[in-house]
Protein chains: 2
Amino acid sequence: MTSDCQKLSSVLQLWDKSLIVEGQRQMRNTQTMPELELQSPGKQPTIRDVAELAGVATSTVSRALTNPGRVNHVTRERIEEAAAQLNYIPSSQARGLSSGRTQTVAVLVPDITNPFYFDIIRGTQHQLKAAGYTQLLVDTEESADMEADALQKMRRSADGFILAASRLTDEQLTEAAAQQPLVTINRAPAIAPTVVIDTPSAIIQALEHLVSLGHTKICFVGGPATSWSNAKRWQAFQVETKERELTTSSVGPFAPKTTSGAAAADAAVHTGATACIVFNDLLAIGMLQRLRERGIRVPEDMSIVGCDDIFGADFCNPPLTTMASPIEQAGRVAVSMLLSRLNPQYGGTSRRLAVMPTHLTVRASTGAAPAH
Amino acid sequence: MTSDCQKLSSVLQLWDKSLIVEGQRQMRNTQTMPELELQSPGKQPTIRDVAELAGVATSTVSRALTNPGRVNHVTRERIEEAAAQLNYIPSSQARGLSSGRTQTVAVLVPDITNPFYFDIIRGTQHQLKAAGYTQLLVDTEESADMEADALQKMRRSADGFILAASRLTDEQLTEAAAQQPLVTINRAPAIAPTVVIDTPSAIIQALEHLVSLGHTKICFVGGPATSWSNAKRWQAFQVETKERELTTSSVGPFAPKTTSGAAAADAAVHTGATACIVFNDLLAIGMLQRLRERGIRVPEDMSIVGCDDIFGADFCNPPLTTMASPIEQAGRVAVSMLLSRLNPQYGGTSRRLAVMPTHLTVRASTGAAPAH
DNA sequence: CAATTTTTGGCAATCGCTTGTCATCCCTAT
DNA sequence: ATAGGGATGACAAGCGATTGCCAAAAATTG
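Summary of the structure given here. (Residues numbered from 1 in each chain as written. Chains lettered and ligands numbered in written order. Predicted model: local features only at pLDDT ≥ 70, side-chain atom pairs only at ≥ 80, totals over all residues. Heavy atoms only, no water.)

Close contacts around DNA strand D come from 27 residues, with Thr60(A), Ile47(B), Ser62(B), Arg63(B) and Tyr88(B) the closest. Atoms of DNA strand D within 4 Å of the protein belong to the sugar or the phosphate in 55% of instances, the rest to bases. Within the side chain of Thr60(A), a nitrogen or oxygen atom sits 2.7 Å from a phosphate oxygen of DNA strand D. One nitrogen or oxygen atom from the side chain of Ser98(B) is found 2.7 Å from a sugar or linking oxygen belonging to DNA strand D. Every element with two or more residues in the surface near DNA strand D is listed here: helix H4 (58–66) and helix H6 (92–99) of chain A together with helix H4 (58–66) and helix H6 (92–99) of chain B. Element by element, the count of residues in the surface near DNA strand D is highest for H6(B), at five residues. Class assignment for the residues of the surface near DNA strand D results in nine nonpolar, 12 polar and six charged. (Near = heavy atom within 4 Å. Polar contact = N/O pair within 3.5 Å; in protein donor to acceptor, adjacent residues only side chain to side chain. Helix = DSSP H or I, 4+ residues; strand = E, 2+ residues; numbered from the N terminus. Nonpolar A, V, L, I, M, F, W, Y, C, P; charged D, E, K, R; others polar.)

What follows is the structure in structure tokens.
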């Protein structure tokens, strides 16, 4: 225990000399320090303070700040100056309460740690901020129930929703869409406005690529059963392979995580296929690892095509051939679609469907079919 | 153009048969569909409706819902039942307005697409949700100004802040900490309550590891100049290498992104070192790529140690030896520290510092020093 | 059984802002 | 010069909860 403390204090030393003494009486990795009080926010200036300082009525201040055209130019400047001087920030709560709008959009994703969604999130965040909206990020943990729940619980606190790769059933989705404005990403159009990443057409490219390399036995490695994207990719795969008279197989469903890759790889190998089209990159990367462990060479013995071109697809081993999607842009477009509904006055044609093009990015995980 | 449309419509077919007709008159990747109206949320039930249905006063409803002990058990059940029946959700806006609390915590991270922060975010999200708080995620884009700005703008809409790897100056941080409750992650203690990931002691482990492999010329590859973590790692590196009488060098600062890896790799190679301790995994992975391009073998010619053990560190090529951090846990602890300040009644000892242990994870990017 | 304490529940003010209504003022056009 | 009209700004009523204060009811005590 003593040596523990000493070791730890020597570590603390590296952070801050002043901590050494404290460090000696600390317990494990926790330490109570002299209480430096943590301020609670003092009284904040209100619209009334600003009005007073500017010598106008509060309503004038409100209009000057939210509806600038409604107020005299010079008066408005005076008000803005006063506001700045007082460091005034309107309370979004009060604002929302009386106006009925929250200026907030909730973005629901199935798994916050899946890199695919990072880019979506970044796209939505960017576009929302530009429009003066706040983004509320929700991780629904791949669960339709949690998704429905969040949708319910937050209906008062968000003006609209963006559902990325929703796991809801069509019924649930229809119901949700009737309750509040929402836009889906990668989900059947018609139920709600949707941004679709055109992976089916990328599947065609991927198949052509594999065929050109001599592959004839191709396996589809499926993702989550409740994923609409997965269904569409599978559908495209079936249609296109039939047209080309290829020998196909499929395995799955698998969770879209690298940890599912081992099972997926084993199953795919077992089918005798020489190439796999995999639901997404996460799964594909997991497969790559497993295949190496088993001594199955990629791409000499087995070619792998992923989907999404996420972070990591370029530096895994071997780098992954994948169907690249403009993910961040999809997030942005989804926000535009939602906002144009939320604020019809600013119009823009209210599209109900946006299709994002994709393309195949060939790296090292695909190669000529093995000569048997 | 016609062929464009045809190609596209054949793609649409894969999504939804009902879209084929629509598909034919679509423009490029956009399409306007018959307007299926997007509901605006109807009248929401208020606390008054619940009170009426339950046959009590609104204040009773309010108490029953927020302060259950204050109300008769059976009455409360009746109220809860009524609330459930009406599908009542309290308006967080109105609640916040009158109570002064928002039940929201803002989490500020420098780069939302940096995997290091994913885990932080997931940790905070998890813990906040468990406590009934909402997380507001903000990407400050590695900018101290944006960070300060967000802190200002959101002071009304969040009860507290968590600053992950803040880029603020000490002065800015001190000022911010005086204005609102906040907890920092990986930042100097003393200014504000902090969760520190103990990378300095991991640096010791890393150095011992490298020394045991025979390395004597070691280069520190630095991260952002405004990063406190970077400063501390550098400091630890200096102290420990001096004690061991190693030949050292340093390069940087570099942005903590894979794209900076090329410059970092070239610079590090130029110093003649046989091993690098790199600010973080992102940079290290970028270096790995560059080194391969240049035909410098890892670890035969050069050993690389990263930091953080982020997503990707295990499947890059070669898999990265790195100093692993309990990142998600750091996020969770930060939230606990913040909440125990926000709600002193629920107490818990208000720690001002939590130190998260780290350890070295050895993979394939480190090996014996080259015989010269 | 009366007196006292403890629960329980209702009233009404309040939070900070938006917004409908209306009075005022200044221009313009006749 | 004066009526008509458009800008501009003041007033006050909410928005939907919370909460301090107090009254009524119930439980406890002697």
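What follows concerns the side chain of Ser229(B). By the secondary structure assignment, Ser229(B) is in helix H11 (residues 228–243). Excluding its chain neighbours within four sequence positions, the residues that come into contact with Ser229(B) are Asn186(B) and Phe279(B). (Contact = heavy atoms within 4.5 Å.)

With that settled, the discussion passes to the packing of aromatic side chains. With the rule as written, the count across this model stands at 13 aromatic pairs over all chains. When the ring of Phe118(A) is compared with that of Phe118(B), the centres are 2.8 Å apart and the planes differ by 40°; the resulting orientation is tilted. Taken as a pair, Phe118(A) in helix H7 (residues 115–130) and Phe118(B) in helix H7 (residues 115–130) lie in two separate chains rather than in one. Each member of the pair, Phe118(A) as well as Phe118(B), carries the same accessibility label: buried. For the pair Phe220(B) and Trp234(B), a centre-to-centre distance of 5.3 Å together with 40° between the ring planes defines the contact as tilted. Highlighted residues: Phe220(B) in strand E7 (residues 217–221) and Trp234(B) in helix H11, separated in sequence by 14 residues. Here Phe220(B) falls in the buried class, since its relative accessible area comes to 3%. (Phe/Tyr/Trp six-rings, centres within 6.5 Å; stacked < 30°, edge-to-face > 60°. Buried < 20%, exposed > 50% of the residue type's maximum accessible area, 1.4 Å probe, protein only.)

Turning to the pattern of salt bridges, a few remarks are in order. Inspection of the entire model under this criterion finds 30 salt bridges over all chains. Residues Arg290(A) and Glu293(A) are paired through a salt bridge, measuring 3.6 Å at the closest nitrogen-oxygen approach. Within this pair, Arg290(A) and its partner Glu293(A) are both found in helix H13 (residues 281–293), separated by three residues, close to a single helical turn. A relative accessible area of 60% means that Glu293(A) is categorised as exposed. We note a salt bridge from Glu208(B) to Arg244(B), for which the minimum N-O separation is 3.1 Å. (Salt bridge = Lys/Arg side-chain N within 4 Å of Asp/Glu carboxyl O.)

For the rest of this paragraph, the subject is the protein's contact with DNA strand C. Taken together, 27 residues form the shell around DNA strand C, and within it Ile47(A), Ser62(A), Arg63(A), Tyr88(A) and Thr60(B) come nearest. Near the protein, within 4 Å, the atoms of DNA strand C are sugar or phosphate in 55% of cases. At 2.4 Å from a base oxygen of DNA strand C is found a side-chain nitrogen or oxygen belonging to Arg63(A). Looking at the surface near DNA strand C, the elements that each hand over two or more residues are H4 and H6 of chain A together with H4 and H6 of chain B.

Take the environment of Ser325(A) next. Counting through the fold element by element, Ser325(A) comes out in the loop between strand E11 (321–324) and helix H14 (327–342). Taking the C-alpha atoms as reference points, Ser325(A) and Ile197(A), separated by 128 residues in sequence, lie 6.7 Å from one another.

Let's shift gears to the nonpolar core. With 61 residues, the main nonpolar core has Val195(A) and Val195(B) as its most contacted residues. Every residue in contact with Val195(B), bar those within four places of it in the chain, is listed here: Thr184(B), Ile185(B), Asn186(B), Ala330(B), Val333(B), Ala334(B), Met337(B), Ala354(B) and Met356(B). (Core = buried A, V, L, I, M, F, W, Y, C linked by side-chain atoms within 4.5 Å.)

Residue and element names in this part refer to chain A. Those residues of helix H12 (residues 261–270) lying buried are Gly261, Ala264, Ala265 and Ala268. The buried residues of H12 all sit within an arc of 100° when viewed along its axis, so they share a single face. Contact partners of the buried residues in H12: strand E7 (217–221), strand E8 (247–251), strand E9 (275–278) and H13. One or two steps after H12, the chain reaches Gly272, where phi turns positive at roughly 80°. (Arc of directions from axis to C-beta.)

Residue and element names in this part refer to chain A. As paired elements, E7 and E8 share five bridges and run parallel to each other. Residue pairing in the sheet places Lys217 in a bridge with Thr247 of E8. Since E7 and E8 lie parallel, the crossover through helix H11 (residues 228–243) that links them has a hand, and here it is right-handed. (Pairing = 2+ DSSP bridges. Right-handed = clockwise from strand over helix to strand, strands pointing away.)

This next bit is on the state of the cysteines. Within this structure, the stated rule accounts for zero disulfides over all chains. Here Cys276(B) stays unpaired: no disulfide links it, and the sulfur of Cys219(B), its closest cysteine neighbor, is 4.7 Å away. (Disulfide = S-S within 2.5 Å.)

Take the packing of H7(B) against helix H14 (residues 327–342) of chain B next. All names here are of chain B. Contact geometry of H7 with H14 gives a least axis separation of 7 Å together with a crossing angle of 40°. Overall, the two elements H7 and H14 adopt an arrangement that is oblique. As for how H7 packs across H14, the hand of that crossing is right-handed. Counted together, Phe116, Asp119, Ile120, Arg122, Gly123, Thr124, His126, Gln127 and Leu128 of H7 and Ile327, Glu328, Gly331, Arg332, Val335, Ser336 and Leu339 of H14 form the full contact between these two elements. (Axes fitted to C-alpha atoms, helices over the stretch in contact; angles between N-to-C directions. Parallel < 35°, antiparallel > 145°, perpendicular 65-115°, else oblique. Left-handed = near helix turned anticlockwise from the far one by under 90°.)

None of the figures reported here should be taken as evidence of function without further support.
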